[in-house]
Amino acid sequence: MKILTASQLKEADEITIEKQNISSEELMERAATQVFNEIHTRLQGADILIKVFCGIGNNGGDGLVIARLLIEHSYNVKVFIVNYSDNRSKDFLSNYDKIKNLSRDWPVLLKGEDDFPDIKRGDFVIDAIFGIGLNRPLEGWVAKMVNFINDSSAFVLSVDLPSGLFTDKIPEEGDAVIMANFTLSFQTPKLVFFLPDTMDFVGDMQVLEIGLDREFLSEVTPAAQLIGRQEARSLYNPRNKNSHKGSYGHVIIVGGSYGKIGSIVLATTASMRTGAGLATVFIPKCGYEIVQTALPEAMVLTDVNYEMLTDIKTDLDADVVCFGMGAGRDKSTVGAFKELLKKTNKPMVIDADGLNILSENNELLQDLPENSVLTPHPKELERLIGEWKDDFDKIEKVQEFIKKHKIILVLKGAHTFVFEQENIYVNNTGNAGMATAGSGDVLSGVIAGLISQKYEPLIAAVLGVYLHGKSGDISAEKLGYEGIISGDIAKNMGLAFRDLMSENETDSGAG
Ligand SMILES: NC(=O)C1=CN([C@@H]2O[C@H](COP(=O)(O)OP(=O)(O)OC[C@H]3O[C@@H](n4cnc5c(N)ncnc54)[C@H](OP(=O)(O)O)[C@@H]3O)[C@@H](O)[C@H]2O)[C@@H](O)CC1
Ligand SMILES: Nc1ncnc2c1ncn2[C@@H]1O[C@H](COP(=O)(O)OP(=O)(O)O)[C@@H](O)[C@H]1O
Ligand SMILES: [K+]
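Predicted, not measured: the structure shown is a model, and the values here were computed from it.

### As for the pattern of salt bridges
- Applying the stated criterion across every chain yields a total of 24 salt bridges.
- A salt bridge links Arg42 to Glu38; the shortest N-O distance between them is 2.8 Å. With Arg42 and Glu38 both in helix H2 (residues 24-43) and 4 residues apart, this pair spans about one turn of that helix.
- Judged by relative accessible area, Arg42 falls into the partly exposed class, the value being 48%.
- Counted as one network, the salt bridges with shared partners bring together Lys19, Asp213 and Glu215.

### Observations regarding the site of ligand 1
- Close to ligand 1 lie 25 residues; Asp62, Gly131, Asn135, Arg136 and Asp160 are nearest.
- Across the complex, the protein chains shield 85% of the 950 Å² of accessible surface that ligand 1 would expose by itself.
- Cavity membership is defined here by more than half of the atoms lying within 2 Å of grid points; on that basis ligand 1 lies in the second largest pocket.
- At the level of elements, helix H1 (6-19), H2 and helix H3 (58-72) are the ones that each hand at least two residues to the shell around ligand 1.
- Of the residues in the shell around ligand 1, the class split is 13 nonpolar, 7 polar and 5 charged.

### A few points about the sheet that holds strand E4 (residues 108-110)
- In spatial order, the strands read E4-E3-E2-E5-E6-E7-E8; together these 7 strands make up an open sheet with parallel pairing. Because the sheet does not close on itself, it has two edges, and the strands there are E4 and strand E8 (204-208). Each neighbouring strand pair of the sheet contributes to a mean axis angle of 20 degrees, computed without reference to strand direction.
- Where strand E5 (residues 124-128) meets strand E6 (residues 155-159), 4 bridges bridge the pair, whose relative direction is parallel. Bridge assignment links Phe124 to a residue of E6, and that residue is Phe155.

### Notes on the layout of surface pockets
- Here the second largest pocket is characterised by a volume of approximately 1000 Å³.
- The wall of the second largest pocket is formed by 37 residues, among which Gly57, Asn58, Asn59, Ile132 and Gly133 lie closest to the centre.
- Those elements giving two or more residues to the lining of the second largest pocket turn out to be H1, H2 and H3.
- By residue number, the principal contributor to the lining of the second largest pocket is H1, which donates 5 residues.
- Taken together, the residues that form the lining of the second largest pocket break down as 17 nonpolar, 11 polar and 9 charged.

### Side note on the packing of helix H8 (residues 262-273) against helix H14 (residues 439-452)
- It is at 7 Å that the axes of H8 and H14 come closest, and there the two elements cross at 35 degrees. Between H8 and H14 lies a crossing of right-handed hand. In this structure, H8 contributes Ser263, Leu266, Ala267, Ala270 and Ser271 to the contact, and H14 contributes Asp441, Val442, Gly445, Val446 and Gly449.
- Considering only residue class, the contact of H8 with H14 consists of 5 nonpolar, 4 polar and 1 charged.

### Remarks on the environment of Asn76
- Along the chain, the position of Asn76 falls in strand E3 (residues 76-82).
- Separated by 271 residues in sequence, Asn76 and Pro347 place their C-alpha atoms 61 Å apart.
- Beyond its immediate sequence surroundings of up to four residues, Asn76 is in contact with Asp47, Ile48, Leu49 and Ile50.

### Brief notes about the site of ligand 2
- As a matter of local geometry, ligand 2 sits amid 18 residues, with Lys412, Gly413, Thr416, Gly438 and Gly440 nearest to it.
- Here a nitrogen atom of ligand 2 and a backbone polar atom of Asn431 are 3.2 Å apart.
- Here Gly438 contributes a backbone N or O atom positioned 2.7 Å from an oxygen atom of ligand 2.
- Protein contacts shield 77% of the accessible area of ligand 2, which totals 570 Å² for the unbound molecule.
- Counting residues per element, the shell around ligand 2 draws most heavily on H14, at 4 residues.
- Considering only residue class, the shell around ligand 2 consists of 6 nonpolar, 10 polar and 2 charged.

### Points about the domain arrangement of the protein chain
- One can read the domain layout of the protein chain as domain 1 (2-222) and domain 2 (232-237 + 245-501).
- Taken together, the 12 residues of domain 1 in the interface contact 10 residues of domain 2.
- When domain 1 packs against domain 2, close to 920 Å² is buried across both sides, 76% of that on carbon and sulfur atoms.
- Looking at the side of domain 1 facing domain 2, the largest losses of area belong to Leu191, Phe194 and Leu195, adding up to 47% of the total buried there.
- In this assembly, domain 1 and domain 2 are joined by 0 salt bridges.
- Counting the contacts that link domain 1 with domain 2 gives 1 residue pair in polar contact (both at pLDDT 80 or more).
- Looking at the side of domain 1 that touches domain 2 residue by residue, the class counts come to 8 nonpolar, 1 polar and 3 charged.

Reading the values: rules and limits
Residues numbered from 1 in each chain as written. Chains lettered and ligands numbered in written order. Predicted model: local features only at pLDDT ≥ 70, side-chain atom pairs only at ≥ 80, totals over all residues. Heavy atoms only, no water. Salt bridge = Lys/Arg side-chain N within 4 Å of Asp/Glu carboxyl O. Helix = DSSP H or I, 4+ residues; strand = E, 2+ residues; numbered from the N terminus. Buried < 20%, exposed > 50% of the residue type's maximum accessible area, 1.4 Å probe, protein only. Near = heavy atom within 4 Å. Areas by Shrake-Rupley, 256 points an atom, 1.4 Å probe, with all protein chains shown as cover. 1 Å grid on protein atoms, 1.4 Å probe; cavity = no way out; pocket = protein on both sides within 12 Å on 5 of 7 lines; lining within 4 Å. Sits in = over half its atoms within 2 Å of the grid points. Nonpolar A, V, L, I, M, F, W, Y, C, P; charged D, E, K, R; others polar. Pairing = 2+ DSSP bridges. Axes fitted to C-alpha atoms, helices over the stretch in contact; angles between N-to-C directions. Points joined across faces, edges and corners; volume = space filled by probe spheres on them. Left-handed = near helix turned anticlockwise from the far one by under 90°. Contact = heavy atoms within 4.5 Å. Polar contact = N/O pair within 3.5 Å; in protein donor to acceptor, adjacent residues only side chain to side chain. Domains from an automatic or database assignment. Buried area = accessible area lost by both parts, 1.4 Å probe.

Now the structure itself:
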């Protein structure tokens, strides 16, 4: 699903009005009716007090339509206008009249702190104060109003996006932003819904299709793409019956040191459970028995050194080399990695200490084979590219970095982002149960396993991140969030593939 900017959405809005020959008020009615339908489906006429807070722009207009439809369906509704300006939008005004005609009373005008209404735990608050038109931080009593709603412990549903949240920048410390429990967003999600700095404002999120012009939507270059099941499915290559293990490639996983051989077992298991035809590990001698015992399916080559890597002899014709997990950063390991980079010309997967070595030896970045996939978590990324001011600054810095070195970067997190050239892919599978040691090692193995099966490195990264998260969701369903360990994510990879192609998505109940 495309993630568009506020200005692209406004353009889509205008084109839709023109091409479908409808008024902007009709489009507002259509969009807000979708919100009403979602609320009505969930509440089923429940007798709770619904307090709708409307601004005076079109987000407020949406709020008025939603309130009118709720009143028409006999809900107990109280409407408040957060009257921050006299500059009311045209469609706000016509809906203001409509609601007055229906309820025979004007909504309550709020003009300052003295007017703040009671909001209790148990109330249902609809936040339609600001939408994508926000152009400066909230100030004065309006900011206080937002904090007042946040302090109320009422359930808050935000229309389009939480009021006070910008679509293209991160709020400053102390800025007032609604902390929504749920956000119903029009047509496309906004990028800020997925960034670590801002995702907590959004709560659970659902996108409502409001019938904007299809041609515009299909042609516009998005700010990013959200990868869900449909997108992942389109990337998947089913296996051919007439094939053999050689058809699915050979992965070499290089890494490990004394006490950290488990990371190699995890990554290699993951690459095999993702479908690699053959897997070889290259590890220090101390790991020989561990790997042969834990994973007899893999072949094992060892370094001359017992505890760490010092000389990586891989004359095998592998389809992909994955380097870094558990490798440590000893000088001799750095030297061995340097040599490995020199003799590898196919895209590699680099994780963990591989990334740390690159951060400490920047000159090695130029030896990375083109289209190699780097998989840092935020701390590893900071070591690679330096500090950033906020998430938007981080995105800019990452894009500069990947263009300079011609690589693909997988930034791991609650929503993992894949960066390739100008493109950004945002993952939507996975859950907090995956915040457990070794789940990143599993991801590297998954991506390497896909590359070995001839997926392009970019596709392997995007599909790999999706499947890894899905396997985490399936694991959470079986074991509970706390019960997951990273080996489960590797073990359930097959179920993630099965889910991809089954009629109904596995309902993981996870994010
Ligand atoms: N295609 C779609 O997606 C569709 C979108 N639709 C809906 O339209 C919404 C966008 O509506 P919108 O453009 O009228 O902007 P909105 O957010 O209501 O507020 C703008 C007002 O706020 C003001 N203002 C700004 N910042 C301020 C501040 N800090 N403090 C105080 N004032 C501030 C600014 O005035 P200014 O003072 O800058 O002149 C202006 O008056 C969108 O989110 C969705 O809900 C649907 O109905 C149909 C399809
Ligand atoms: N809250 C979360 N929601 C979704 N995925 C998560 C969450 N926390 C961690 N993950 C995933 O788990 C993996 C953790 O990787 P990493 O930090 O490298 O762990 P390790 O170094 O222990 O292997 C990443 O793929 C990340 O996206
Ligand atoms: K809102």
